[in-house]
Amino acid sequence: MATFGQTTQMVDVIGKFVDLVSKKLPDDVMAKLTELRAEEKTPLAKAIYDVMFENMQKALTLNRPTCQDTGVIQFFVRSGAKFPLLGELRGILREATIMATKSAPLRLNAVEVFDEKNTGTNVGTEVPFIEWEIVDDSSNIEIEVYQAGGGCSLPGRSIVLPPLAGYEGAMKFVFDTIVDWGINACPPLVVGVGIGTCSNSAALLSKKAMLRPVGTSHPHPKAAEMEKKIEEGLNAIGLGPQGISGKKSVMAVHVEGMAHHPSVLGVGVTVGCWANRHGVIRFDEHLNYEIISHKGVSL
Ligand code: SF4
């Protein structure tokens, strides 16, 4: 049974972590942006990257978010069945979101559904969004936070293709989506592709794919090949930083999948922008924590 002190402690740590994620990009994204910046040769593309890096430095020195759109807060929870605060976690994540909204400060981005009124707290019906997974029997928990901005959420799509469309049809859907909408999402992009059995499974898998650390490949060789082909094709479009043209359009393309009904192929696309604000923190049962995504950082 969790104590009040433990609940407060976890709110405090996660609130500070959400605040941090709004101001400091994770190690994987920083490493890739540094690599892509070095590849650009045209003055305009180089200038855009210079501004991005200056912006990131200023976010740290001025203690302000990296982008004015701090998104809708989303949590991806991967918990052991015995983590002691599992029953309290929904309330903890809501309180942590309210805390970070004040401290960062985060932009007020939760507009209550149907009433269309801003809640003023960044929480509302089903916001923060929480995706739950019980992964094992342990007493540890891993919590991933993602700050879903408007521009980068805009290209999100899912579709259920007929059987004859196959993986070629899935790839065409990804290309059409990024060509039509990718420029709205502040490139270079992280493109997540989900292969599912219906529209919602494909959409969720595409979000999980987008959140996979940049620089990783899918362990299945066919999925890894699909990632490579889509990445090469999207880079050939040459969106460049902020879509002003350049050598690369994307930081990465990640594909995740599941077994599916033989008659259909669900395909989802989720896009992350250059300011890809995600972070992973792991707790043990005593609430000792480790920040996985931002090495050497303390809260
Ligand atoms: S797409 Fe990303 S970088 Fe661009 S405005 Fe939205 S949150 Fe900010």
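Residues numbered from 1 in each chain as written. Predicted model: local features only at pLDDT ≥ 70, side-chain atom pairs only at ≥ 80, totals over all residues. Heavy atoms only, no water.

## Things to note about the domain arrangement of the protein
Okay, so step 1: Domains assigned within the protein are domain 1 (4-24 + 66-149 + 277-291) and domain 2 (152-272).
Okay, so step 2: Inter-centroid distance (C-alpha atoms) of domain 1 to domain 2 is 26 Å.
Okay, so step 3: In this assembly, 9 residues from domain 1 lie in contact with 9 residues from domain 2.
Okay, so step 4: Of the roughly 770 Å² buried between domain 1 and domain 2 on both sides combined, carbon and sulfur atoms contribute 59%.
Okay, so step 5: Looking at the side of domain 1 facing domain 2, the largest losses of area belong to Phe-76, Tyr-146 and Gly-149, adding up to 53% of the total buried there.
Okay, so step 6: The tally of links from domain 1 across to domain 2 stands at 2 salt bridges.
Okay, so step 7: Here Lys-208 makes a salt bridge to Glu-131, at a shortest N to O gap of 3.9 Å.
Okay, so step 8: On inspection of domain 1 and its partner domain 2, the count reaches 3 residue pairs in polar contact (both at pLDDT 80 or more).
Okay, so step 9: Only β1 (72-80), β4 (129-136) and β5 (141-148) provide two or more residues apiece to the side of domain 1 that touches domain 2. (Domains from an automatic or database assignment. Contact = heavy atoms within 4.5 Å. Buried area = accessible area lost by both parts, 1.4 Å probe. Salt bridge = Lys/Arg side-chain N within 4 Å of Asp/Glu carboxyl O. Polar contact = N/O pair within 3.5 Å; in protein donor to acceptor, adjacent residues only side chain to side chain. Helix = DSSP H or I, 4+ residues; strand = E, 2+ residues; numbered from the N terminus.)

## Description of the sheet that holds β1
Okay, so step 1: In space, the 5 strands of this open sheet follow the order β4-β1-β5-β10-β11, with mixed pairing throughout. For this open sheet the edge positions go to β4 and β11 (289-291), each flanked by a neighbour on one side alone. Pairs of neighbouring strands in the sheet enclose a mean axial angle of 20°, with direction left out of account.
Okay, so step 2: Bridging between β1 and β5 involves 8 bridges; their strand directions are antiparallel. By the bridge assignment, Phe-76 is partnered in β5 with Glu-144. (Pairing = 2+ DSSP bridges. Axes fitted to C-alpha atoms, helices over the stretch in contact; angles between N-to-C directions.)

## Considering the pattern of salt bridges
Okay, so step 1: What the rule picks out here adds up to 19 salt bridges.
Okay, so step 2: Put simply, Asp-137 and Lys-82 hold a salt bridge, and the shortest N to O gap is 3.0 Å. Of the two residues, Asp-137 sits in the loop between β4 and β5 while Lys-82 sits in the loop between β1 and α4 (89-103), which places them 55 residues apart along the sequence.
Okay, so step 3: Three or more residues joined by partner-sharing salt bridges are found here, namely Arg-78, Glu-142, Glu-144, Arg-282 and Glu-290.

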